[in-house]
Amino acid sequence: MSYAMREPCKHCGGTEGRLDTRNGQDCVFCIGCNRLSYNAPRAETGREVRRLRTRPDVKPGVRARILERDNGTCVLCHRSDVPLDVGHLISVDAGRKAGLTDAELYDGENLAAMCASCNSGLSSRPVSLRFAVALLRSRIAHREVAA
Ligand SMILES: [Zn+2]
Ligand SMILES: [Zn+2]
């Protein structure tokens, strides 16, 4: 299969290549001289990016418990009339950078009921003060043992 190279071959100046996969990397070989021209990113080749699932899912039992604890209400916007999911308070990425283990990150204390829009807004950003306030109020309101 012929592949239009993004730049002429640096060996022979040819512009027609072929795509070959070596060790999971898309390599563009020059048809003229048969030498490797460059490694193509998946964004260029349009091939599907391999996604590795490195994050454990929240178990269904835990999920149900969190939703119940948070009163079936998004802890951020307090809506209960939208589908809720369980999200991370400290995002997995931020938490790992801060040295938290997956066990800590997936602990119920780091999970909360969130609607899709609040959850997606939080997924990569650090926890905001607005969020910490909402969380504290939610935890105080729903704790079983009064202080
Ligand atoms: Zn060439
Ligand atoms: Zn929300």
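Computed from a predicted model, the values in this text were never measured in an experiment.

**Details of the environment of His-142**
Among the secondary structure elements, His-142 is positioned in helix H6 (residues 129-142). As a C-alpha pair, His-142 and Asp-70 span 72 residues in sequence and 6.9 Å in three-dimensional space. Contact partners of His-142, with chain neighbours within four places excluded, come to Arg-69, Asp-70 and Asn-71.

**Comments concerning the side chain of Ser-37**
Checked against the element boundaries, Ser-37 lands in strand S4 (residues 36-40). Ignoring sequence-local partners within four residues, the contact set of Ser-37 consists of Met-5, Cys-9, Lys-10, Val-28 and Phe-29.

**What about the coordination of the zinc ion (ligand 1)?**
Coordination of the zinc ion (ligand 1) by the protein is provided by Cys-9 (SG), Cys-12 (SG), Cys-30 (SG) and Cys-33 (SG), with metal-donor distances spanning 2.3 Å. With four donor atoms in place around the zinc ion (ligand 1) and angles of 98 to 120 degrees between them, the coordination shape is tetrahedral. Mapping the donors of the zinc ion (ligand 1) onto the primary sequence yields the spacing C-x2-C-x17-C-x2-C. Highlighted residues: Cys-12 in the loop between strand S1 (2-4) and strand S2 (16-22) and Cys-30 in strand S3 (residues 25-30), separated in sequence by 18 residues. Accessibility expressed as a relative area gives 42% for Cys-12, which makes it partly exposed.

**Comments concerning the coordination of the zinc ion (ligand 2)**
Six octahedrally arranged donors around a metal ideally form angles of 90 or 180 degrees; four tetrahedrally arranged donors ideally form angles of 109.5 degrees. Bound to the zinc ion (ligand 2) on the protein side are Cys-74 (SG), Cys-77 (SG), Cys-115 (SG) and Cys-118 (SG), at distances that span 2.2 to 2.4 Å. Look at where the donors of the zinc ion (ligand 2) fall in the sequence and you get C-x2-C-x37-C-x2-C.

**Description of the nonpolar core**
Cys-74, Leu-76, Leu-89, Met-114 and Phe-131 are the most contacted members of the largest nonpolar core, which has 17 residues in total. Of all the elements in the fold, those that place two or more residues in this core are helix H2 (60-69), strand S5 (84-88), strand S6 (111-115) and H6. It is S6 that contributes the most residues to this core, five residues altogether. Of all hydrophobic cores here, the second largest spans eight residues; its members include Tyr-3, Cys-9, Val-28 and Cys-30.

The rules behind the values
- Residues numbered from 1 in each chain as written.
- Chains lettered and ligands numbered in written order.
- Predicted model: local features only at pLDDT ≥ 70, side-chain atom pairs only at ≥ 80, totals over all residues.
- Heavy atoms only, no water.
- Helix = DSSP H or I, 4+ residues; strand = E, 2+ residues; numbered from the N terminus.
- Contact = heavy atoms within 4.5 Å.
- Donors = N, O, S within 2.8 Å, 3.2 Å for Na, K, Ca; no water.
- Tetrahedral: all angles 85-135°; square planar, octahedral: opposite > 155°, others 65-115°.
- Buried < 20%, exposed > 50% of the residue type's maximum accessible area, 1.4 Å probe, protein only.
- Core = buried A, V, L, I, M, F, W, Y, C linked by side-chain atoms within 4.5 Å.

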